[in-house]
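One letter stands for each residue in the lines below.
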Amino acid sequence: MSDLANVYQLFRNKFEENDFQYYCPPSYIHALTENNDKIIFAFRRNQSLSADTHWINMKKSPKRNGSNNLDLTGSPLQDVSCDELETMDFSNEYQKLTVDNLWTPDEEAYGPLATEKARSILQNFINLDCRIGRGSIWTLCSATDPDQTVLLQLSVNSASKDERQFTRGIVRFTGMQASNNISLAQLIDIHRQRAGDGMKFNPKIQIQQWSKLCPHITVRLSWHTMGEGATFSIERNARVRLSQEFPVKNGAFSRNSVAEYFWQQLQRLAFMREKIMDIRANRESGYARNDFIGEDEMDLEYVKQKVNNILSSFLAVEPTVYEKNSITDAIRQVQTHNLTDVMERLYDALTLCSNYDDLKAAIDYIFHLSTHSNIVNVPTSGTRFAQLILAMIQDRLAIPSLTKSEPYELLLECGLNKLMNDYQAIFSESGVYELEFEKLFQPQVANPRKSRYATGTEPQLDTHHTNSKHSAHHFQPTVEDRNREKSILLSNFDEDEMKIRINRLAQVHLLLEHLLLLESTVNVPSIYGRVCELYLSRQPYSYGEIYNRKTDLLEFDMDEFMLLPNAHELLPCARRVTMSSTNLLQKLESVFYQNVRPLLPKQLYPQFECEDIDNKHVFWCYEYDRIERL
């Protein structure tokens, strides 16, 4: 556990001419250490790079107050306007380009220090009388020294006030080599030369090797082997971890997705929630916004005729027969199946309204039909809208008058119910997983419950009126209606509840996209259920965060026999080899890291560019030595 807050403040006071950060390590340090504890990172901010780089403002989601805690990875797209981004053809080449970007904008803006300056900072800290702190200090170096040092590390352990223990680390760039020219025996020799004769070599070597199944799916194989005659041959007991980076690309993923229809339905619901919040806040924009995500719009008379047919015409109901083939087949069948539920059919009809006034008039028309006509198709779903219609059909409720955002609130509840049913059918009929939305919609962070009773001096309201969040409107019966059923809430809109539901549905949709990508590439159905449990156990991102993400990461372990045969045929895209030697006084650990792409941003180290190597499969090679006092 890192605890360097006091050391960080000391560095900022003593070395004001340099820049420091105290946060989780950059991606390149994490790749070497596999440790995510906070570090102090010393660098010189590259002002020229920051000024010359044009960040693109991606299309914002309908969510007005988007979170700033976005997990954005990769470099921004450059020289692309927002209009061009909207019309861009996301071809396979473009998708691969976005996945290959490795660093965040902050990491690309960090400039290196001169190597001697970096060493001086660490040595000055050792000389300071600072007895507090535990963790690692890293400096980014310019690699202009003969060893081509790119990173220096100093780990400090001050468990007691009387003693400090230091561990030093150094990362060198060792050049570019053809992958078939690198042998494990060669790496062992390098480590032994550094350790010298006074250290005993530990023959147990850890190897991690990454291979790409496709541009978005990486397989990591991990195993231990013994020294001397060891090779890079994959052991039969290797642990397999699959990482899948689904390219969200600010919502543009839906254009090429077989599940595009369902993402559009979710977007419609998110827009509807925004309309409701605008209207409830007395903003005219809520009434003015009249789009339903590009759906066909019809005039009011057409909608009324469609509604009349839904409620008053007999429907020949034929059971939907799903063929359990693939997830893709299930998606197509659910999308194209004939709607038989009355409320789902009404929802589809009402979304054809082009504006608020038409929607309100259409819902009023439904209410009039329910009280004055012979309704043959009676709603059975448990939505508020269905309860109102059923109460009017049974002559237990007079026609209510909708005000403010109530038309959209009734419609939103129906839309959520329909989309939930669609997702449940897809997952169930494909045999993947049984979605339990009741559990998924429960808040994961338990907040203290507010009192149900008023706390002021005013008279207390009954339980229907005490919840300030719901602010729902009631239909009040006239004198002659006193003997009928008591008033029914025209809506039950809760901003926080709707937010949770839409966020969860967005998470379910991204899970569906992950499964489609797995199905097209890996095609091991036995893993889908475990993937669903793992993914849905996460705290969901908000709809706005999901919309603005560049990629969404899914990682899970697999049984080796499922992918190991395929992995043998793949060339590695990265490799990490760890070995160690010890004596009575100290321990030397060496990490050899190789990747087909540079570990650090290339623009920081133009001197690393070299002539092309004949072999097409070339590694950028780095060595990380860590000396620990025992």
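Residues numbered from 1 in each chain as written. Predicted model: local features only at pLDDT ≥ 70, side-chain atom pairs only at ≥ 80, totals over all residues. Heavy atoms only, no water.

- As annotated in an unreviewed UniProt entry, the protein carries the name Protein zwilch and comes from Anopheles minimus.
- In its Sequence similarities (unreviewed entry) section, UniProt records this for the protein: "Belongs to the ZWILCH family."
- Recorded in UniProt for the protein, the comment headed Function (unreviewed entry) runs: "Essential component of the mitotic checkpoint, which prevents cells from prematurely exiting mitosis. Required for the assembly of the dynein-dynactin and MAD1-MAD2 complexes onto kinetochores. Its function related to the spindle assembly machinery is proposed to depend on its association in the mitotic RZZ complex." (UniProt positions renumbered as here; feature names shortened; annotations may be inferred.)

Considerations on the overall build of the protein
Argument step 1. Check the secondary structure of the protein and you find 21 helices and 13 strands.
Argument step 2. In the protein, buried positions account for 49% of the 630 residues.
Argument step 3. Across the protein, every contact between residues at least 6 apart in sequence was considered, and the portion connecting residues at least 24 apart equals 73%.
Argument step 4. Within the structure as shown, the protein displays about 31,600 Å² of accessible surface, and the carbon and sulfur contribution to it stands at 46%. (Helix = DSSP H or I, 4+ residues; strand = E, 2+ residues; numbered from the N terminus. Buried < 20%, exposed > 50% of the residue type's maximum accessible area, 1.4 Å probe, protein only. Contact = heavy atoms within 4.5 Å. Areas by Shrake-Rupley, 256 points an atom, 1.4 Å probe, with all protein chains shown as cover.)

A look at the packing of helix 13 (residues 342-350) against helix 15 (residues 384-393)
Argument step 1. At a minimum axis separation of 11 Å, helix 13 and helix 15 run at an interaxial angle of 105 degrees. Judged by the inter-axis angle, helix 13 sits roughly perpendicular to helix 15. For the pair helix 13 and helix 15, contact is made by M343, L346 and L350 and by F385, A386 and I389, respectively. (Axes fitted to C-alpha atoms, helices over the stretch in contact; angles between N-to-C directions. Parallel < 35°, antiparallel > 145°, perpendicular 65-115°, else oblique.)

Some points on the confidence of the model for the protein
Argument step 1. Averaged over all residues, the pLDDT of the protein is 78; the fraction at 70 or higher stands at 76%.
Argument step 2. Taking the mean pLDDT of every element in the protein, the minimum, 36, falls on helix 4 (residues 82-87) and the maximum, 95, on strand 12 (residues 586-595).
Argument step 3. Within the model, pLDDT remains below 50 along residues 49-100, and this stretch shows 93 contacts once partners closer than five positions in the same chain are excluded.
Argument step 4. Considering only residues more than four positions removed or in separate chains, one finds that residues 446-486, a stretch of pLDDT under 50, has 40 contacts. (pLDDT = per-residue confidence, 0-100.)

Let's talk about the nonpolar core
Argument step 1. Counting residues in hydrophobic clusters, the biggest one holds 114 residues, and the most contacted among them are F385, L515, L518 and M558.
Argument step 2. The residues that make up this core include at least three from each of domain 1 (2-46 + 101-197 + 582-629) and domain 2 (259-441 + 492-516).
Argument step 3. If sequence neighbours within four positions are ignored, M558 has contacts with V240, L242, V522, V524, I527, R530 and L563.
Argument step 4. Grouped together as the second largest cluster of nonpolar side chains are 26 residues, I29, A31, W103 and V150 included. (Core = buried A, V, L, I, M, F, W, Y, C linked by side-chain atoms within 4.5 Å. Domains from an automatic or database assignment.)

Details of the pattern of salt bridges
Argument step 1. Under the definition given, this model contains 14 salt bridges.
Argument step 2. R280 is paired through a salt bridge with E409; the nearest N and O atoms lie 3.0 Å apart. Of this pair, R280 sits in helix 9 (residues 260-280) while E409 sits in helix 16 (residues 406-429), and the two are 129 residues apart along the sequence.
Argument step 3. Residue R280 is classed as partly exposed on the basis of its relative accessible area, which comes to 27%.
Argument step 4. Residue class for E409 comes out buried when judged on its relative accessible area of 5%.
Argument step 5. Of the charged contacts, one joins E628 and R626 as a salt bridge, the two residues approaching to 3.7 Å between their closest N and O atoms.
Argument step 6. A relative accessible area of 27% means that E628 is categorised as partly exposed.
Argument step 7. When salt bridges with common partners are traced through the structure, they connect R172, R194, E623 and D625 into a single cluster. (Salt bridge = Lys/Arg side-chain N within 4 Å of Asp/Glu carboxyl O.)

Some thoughts on the environment of N492
Argument step 1. On the secondary structure map, N492 appears in the loop between helix 17 (437-440) and helix 18 (495-521).
Argument step 2. For the pair formed by N492 and E413, sequence separation is 79 residues and the distance between their alpha carbons is 8.8 Å.

Side note on helix 13
Argument step 1. Counting buried positions over the nine residues of helix 13 gives eight, a clear majority of the element.
Argument step 2. Listed as buried for helix 13 are V342, M343, E344, R345, L346, Y347, A349 and L350.
Argument step 3. Against helix 9, helix 11 (300-312), helix 14 (356-372), helix 15 and helix 16 lie the buried residues of helix 13.
Argument step 4. Between the side-chain oxygen at the start of helix 13 and the backbone nitrogen of M343 there is a gap of 3.1 Å, and the oxygen is on D341. (Polar contact = N/O pair within 3.5 Å; in protein donor to acceptor, adjacent residues only side chain to side chain.)

Overview of the packing of aromatic side chains
Argument step 1. Applying the stated criterion across every chain yields a total of 21 aromatic pairs.
Argument step 2. Here F15 and F20 contribute two aromatic rings whose centre-to-centre distance is 6.4 Å and whose plane-to-plane angle is 50 degrees, an arrangement assigned as tilted. Accessibility assignment for this pair places F15 and F20 in one class, buried.
Argument step 3. An aromatic cluster of three or more residues is present, and its members are F11, F15, F20, F125 and F166.
Argument step 4. For the cation-ring pair, R575 lies above F232, with the distance from its terminal atom to the ring centre recorded as 3.8 Å. (Phe/Tyr/Trp six-rings, centres within 6.5 Å; stacked < 30°, edge-to-face > 60°. Lys NZ or Arg CZ within 6 Å of the ring centre and 35° of its normal.)

As for unusual backbone geometry
Argument step 1. In this model, K404 sits at a positive phi of 50 degrees, which is unusual for a non-glycine residue.
Argument step 2. Mapped onto the elements, K404 comes out in the loop between helix 15 and helix 16.
Argument step 3. Non-glycine residue N523 carries a positive phi angle of around 55 degrees.
Argument step 4. Along the chain, N523 turns up in the loop between helix 18 and helix 19 (528-536).

Observations concerning the side chain of S590
Argument step 1. Relative to the helices and strands, S590 is located in strand 12.
Argument step 2. Only 2.7 Å separates the side chain of S590 from the side chain of D625, close enough to count as a polar contact.
Argument step 3. Ignoring sequence-local partners within four residues, the contact set of S590 consists of H191, V577, T578, M579, Y624 and D625.

A short note on the pairing of strand 9 (residues 239-247)
Argument step 1. Where strand 8 (residues 217-226) and strand 9 come together, six bridges link them in antiparallel fashion. Across the sheet, the residue bridging to V219 is L242, located in strand 9.
Argument step 2. Bridge count between strand 9 and strand 10 (residues 551-558): eight bridges; the pairing is antiparallel. Bridged to S243 within strand 10 is E555. (Pairing = 2+ DSSP bridges.)

As for the environment of S428
Argument step 1. Mapped onto the fold, S428 is located in helix 16.
Argument step 2. A residue is classified by how much of its surface remains accessible, and S428, at 22% relative accessible area, is partly exposed.

Examining the environment of T139
Argument step 1. Positionally, T139 belongs in strand 4 (residues 134-140).
Argument step 2. By relative accessible area, T139 is classed as buried at 0%.
Argument step 3. Sequence spacing of T139 and L122 is 17 residues, and the spatial spacing of their C-alpha atoms is 8.5 Å.
Argument step 4. With residues up to four places along the chain from it excluded, the contact list for T139 reads A42, A118, L122, V150, L151 and L152.

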